[in-house]
Amino acid sequence: MWNWLSARAFRHVHGNNLVYNTCWEDPRLDRAALALGPRDTVMVITSAGCNTLDYALQAPAHVYAVDMNPRQNALLELKLAAIRGLEFEEFFQLFGQGALPDCTRVYASQLRPRMSARAQAYWDRRIYFFSGETRRRSFYFHGTSGVFAWLVNLYVDRVANVRDAIHAILDAGSVDEQSSIYYANIRDAVWTRPIRWAVGRDYTLSLLGVPRPQRLQVERHYEDGISQFIGECLDAVFGQLSLQDNYFWRVYLTGAYTPECCPEYLKAENFAKLKGGLVDRISVHTATIESFLRASDVRISRYVLLDHMDWLSTAREPFLQREWQAIVDRAAPGARVIWRSGGLQVDFVDPLEVRVEGSRRRVGELLTYHRDLAVHLHARDRVHTYGSFYIADLAAA
């Protein structure tokens, strides 16, 4: 019964809302893992579209952004329209500061005509997310993960009263200074027993796009469950890794990026590259990975699967098996696959069986893992909310 209720709650949140308003996968790792070249074709799960733009900046042949949630694709379409239709200053206000006072007029005249009918229908009713006039003043406090960020900021300001310490830690000049501020002024004030209880609830995790199967992947390796995992993540981010270029945590703690601390697509020189033609190498597809690959005749050389296989790891193995069959069938020679997991170790991918030239093969037999590179990169992950990272070459079918 509990699993059924949890699944219903997740489907309600994820199936009716924009969940991710920014990507929480570090593309600096991905660039090193993917080693993109001019002939590469990339398939990536869209999420918020930030990393799709990051990959396009590496000038591959094409980037296919695929997501079954049309609201996530609508967000990427809005970014693409804004790159084509705006100058950098307005673009940075919109997606860097999360607020453009004249957003309704700008949307109607310069963005809406450049979007699909489905994306238009979504933003016609929600462009006010960017107005800066609502109680949640920034776009980055909208969407379900944004609501969670907004609640965290309310807690920081009104309950824990550590806003000055948050500003200080974000402006710290060294990791030692950061660590001192975190342990002296933030950790115990914020990471209280009621908060640890709250973040362990399935509905809270649903706001962040974490379904119960992924939670179970995490909890296999942590005696005290998801709250222990999150606590260790926070200790690493704020006490061990530099925050100077950690735009992931800055935007959720302040509602905005800065010109010095932001995704690559929000830098003026990269905006110019995208506007100059790289944006045209991106296409957006509302579909499952399997259905997109089945309908496509393009050979994919780089697959970016994010963490979504965790979602299918328990009760939906047949879906995952069909997905891998489609991945194998569409893979170009020398294809590479990268993915993340909430767990410390993924053991559900290699045993999957696919058919290759009439014979059944285990997926693990087709993959050559780059484990040392993955471990090296994962340790430097600025987001640090995943348990493990995987890089594997796929043998030609």
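Refer to the structure above for everything that follows.
Chains are numbered independently. Their residues run from 1 in the order of the written sequence. In keeping with the model being predicted, local features are shown solely for residues with a pLDDT of at least 70 and side-chain atom pairs are shown and tallied solely at 80 or more, while totals for entire chains, interfaces and linings include all residues. Each side-chain value is derived from all of the structure's non-hydrogen atoms; neither hydrogens nor water enter the calculation.

1. Comments concerning the packing of aromatic side chains
We call Phe, Tyr and Trp rings a pair once their centres come within 6.5 Å, taking the six-membered ring for Trp, and we label the pair stacked below 30 degrees between planes, edge-to-face above 60, and tilted otherwise. Scanning the model with the defined rule gives 26 aromatic pairs in all. Ring geometry for Phe 91 and Phe 271: centres 4.9 Å apart, planes at 35°, overall tilted. Linking Phe 91 in helix α5 (residues 88-95) with Phe 271 in helix α16 (residues 268-275), this pair joins segments that are 180 residues apart in sequence. Here Phe 91 matches Phe 271 in class, with each residue buried. Consider the rings of Phe 95 and Phe 139, whose centres lie 6.5 Å apart with planes at 90°: the pair is edge-to-face. Put simply, DSSP marks the helices as runs of H or I at least four residues long and the strands as runs of E at least two long, and each gets a number from the N terminus on. Remark: exposure states derive from per-residue accessible area (1.4 Å probe, protein chains only) relative to the maximum for the residue type, with buried under 20%, exposed over 50%, and partly exposed in between.

2. Comments concerning the environment of Glu 77
If you trace the backbone, Glu 77 turns up in helix α4 (residues 70-85). Glu 77 sits in the buried class, given a relative accessible area of 17%. Separated by 29 residues in the primary sequence, Glu 77 and Ala 48 have C-alpha atoms spaced 10.0 Å apart.

3. Considerations on the pairing of strand β5 (residues 331-341)
With respect to burial, β5 is a largely interior element, nine of its eleven residues being buried. A pair of strands is labelled paired if DSSP reports no fewer than 2 bridges between them. The pairing of β5 with strand β9 (residues 388-394) spans six bridges and is classified as antiparallel. The residue of β9 that forms the bridge with Arg 340 is Phe 389.

4. Regarding unusual backbone geometry
In most cases, non-glycine residues show a negative phi, while peptide bonds are predominantly trans. The phi torsion at Ser 47 lies on the positive side, around 55°, for a residue other than glycine. For Ser 47, the position within the fold is in the loop between β1 (41-45) and α3 (50-56). Not every positive phi belongs to a glycine, and His 384 is a case in point at roughly 65°. Residue position: His 384 is located in the loop between α21 (371-378) and β9.

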